[in-house]
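# Summary of structural features
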Number of protein chains: 2
Amino acid sequence: MEYLPVNFNSKFSKIEGHWQPKGIARLNNYAFKIAKIKGEFIWHKHDDTDEVFIVNRGELVINLPDGSVKVSQGEMFVVPKGIEHKPFAAEECEIIMIEPEGTLNTGDKVDEKTIDEIEWI
Amino acid sequence: MEYLPVNFNSKFSKIEGHWQPKGIARLNNYAFKIAKIKGEFIWHKHDDTDEVFIVNRGELVINLPDGSVKVSQGEMFVVPKGIEHKPFAAEECEIIMIEPEGTLNTGDKVDEKTIDEIEWI
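Quick summary incoming for the structure in this document. (Residues numbered from 1 in each chain as written. Chains lettered and ligands numbered in written order. Predicted model: local features only at pLDDT ≥ 70, side-chain atom pairs only at ≥ 80, totals over all residues. Heavy atoms only, no water.)

So, on to the interface of chain A and chain B. Taken together, the contacts link 34 residues of chain A with 34 residues of chain B. Summed over the shared surface of chain A and chain B, the number is zero salt bridges. Taken together, the links from chain A to chain B amount to 20 residue pairs in polar contact (both at pLDDT 80 or more). Broken down by secondary-structure element, the contributors of at least two residues to the side of chain A that touches chain B are strand S1 (2–3), strand S2 (6–7), strand S3 (22–27), strand S4 (30–40), strand S5 (51–57), strand S7 (67–72), strand S8 (75–79) and strand S9 (86–100) of chain A. The element that contributes the greatest number of residues to the side of chain A that touches chain B is S7 of chain A, accounting for five residues. Split into classes, the residues belonging to the side of chain A that touches chain B amount to 20 nonpolar, seven polar and seven charged. Here S2 of chain A pairs with strand S8 (residues 75–79) of chain B via two bridges, running antiparallel. Bridged to Val6 of chain A within S8 of chain B is Met76 of chain B. (Contact = heavy atoms within 4.5 Å. Salt bridge = Lys/Arg side-chain N within 4 Å of Asp/Glu carboxyl O. Polar contact = N/O pair within 3.5 Å; in protein donor to acceptor, adjacent residues only side chain to side chain. Helix = DSSP H or I, 4+ residues; strand = E, 2+ residues; numbered from the N terminus. Nonpolar A, V, L, I, M, F, W, Y, C, P; charged D, E, K, R; others polar. Pairing = 2+ DSSP bridges.)

And the structure:
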């Protein structure tokens, strides 16, 4: 049997809009989610989990309480649990996030950007 | 404060030799490990966890009990827990693995390729 890998670019080609995470793979109880983003997200935190951001294309800035980090294609950053953060991308950017399944995209905040249940693609 | 991302190519440039996983980041109790590989690994399985393989460069083949999967740059595959697998790369390949910290590279087997404790770079 020939199994198929998950191709990141192929998955990104299926999504439209910004800040709308989609599930693409599971690792135990963790979810791999992808999103196209542009502009500013909201300040929020995840009290129970770290959160991984990997950039597939473009440039992501994660604002943190005492500074920021710029994450480019081929790079990742781990936001530690409990730390406030605000993602930002000046131009459209493709990000992969890894976190426990069920982690809310807006963390401790509820906002018009909150996505209660993600779609799997 | 300016934080620094983890740059995959920069981390890979620090390692020599094949089949020697190095830790590069933590997500809760999970480890991100990287390795350069070439040739055949051994058949093994992880009874307690799924295992993610992401290819940073080159082409990875994962042999499975009833077939195989080819994973290229920009692709990932999740080997489900308990499933025997044997990674293979015809040419040198750079892989990123994600699994619970402490997961043994040779799973249920002990072999000259077994690495009891990984180095963090």
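Backbone geometry places Trp19 of chain A, a non-glycine residue, at a positive phi of 60 degrees. Residue position: Trp19 of chain A is located in the loop between helix H1 (8–12) and S3.

Moving on: the relation of the copies chain A and chain B. Between chain A and chain B, which share one sequence, the superposing operator has a rotation angle of 180 degrees and an axial displacement of 0.0 Å; the RMSD is 0.0 Å. Each copy turns onto its partner about a two-fold axis. No C-alpha of chain A approaches the rotation axis more nearly than that of Gly74 of chain A, which lies at 4.8 Å. In this assembly the copies share their binding face: 100% of the residues contributing to the interface of chain A also contribute to that of chain B. (Least-squares fit on C-alpha atoms with pLDDT ≥ 70 in both.)

This part covers the packing of aromatic side chains. With the rule as written, the count across this model stands at five aromatic pairs over all chains. Ring centres 6.2 Å apart and planes at 70 degrees place the aromatic pair Tyr3 of chain A and Phe77 of chain B in the edge-to-face group. Linking Tyr3 of chain A in strand S1 with Phe77 of chain B in strand S8, this pair reaches from one chain into another. According to the relative accessible area criterion, Tyr3 of chain A is partly exposed, its value standing at 23%. Using a relative accessible area of 9% as the deciding quantity, one classes Phe77 of chain B as buried. Ring geometry for Tyr30 of chain A versus Tyr30 of chain B: centroids 4.5 Å apart, planes at 50 degrees, classification tilted. Residue Tyr30 of chain A is located in strand S4, and its partner Tyr30 of chain B is located in strand S4 (residues 30–40); the two belong to separate chains. Across this residue pair, the class does not change: Tyr30 of chain A and Tyr30 of chain B are buried. Sitting over the ring of Trp120 of chain A, Arg26 of chain A keeps its end group 3.7 Å from the ring centre. (Phe/Tyr/Trp six-rings, centres within 6.5 Å; stacked < 30°, edge-to-face > 60°. Buried < 20%, exposed > 50% of the residue type's maximum accessible area, 1.4 Å probe, protein only. Lys NZ or Arg CZ within 6 Å of the ring centre and 35° of its normal.)

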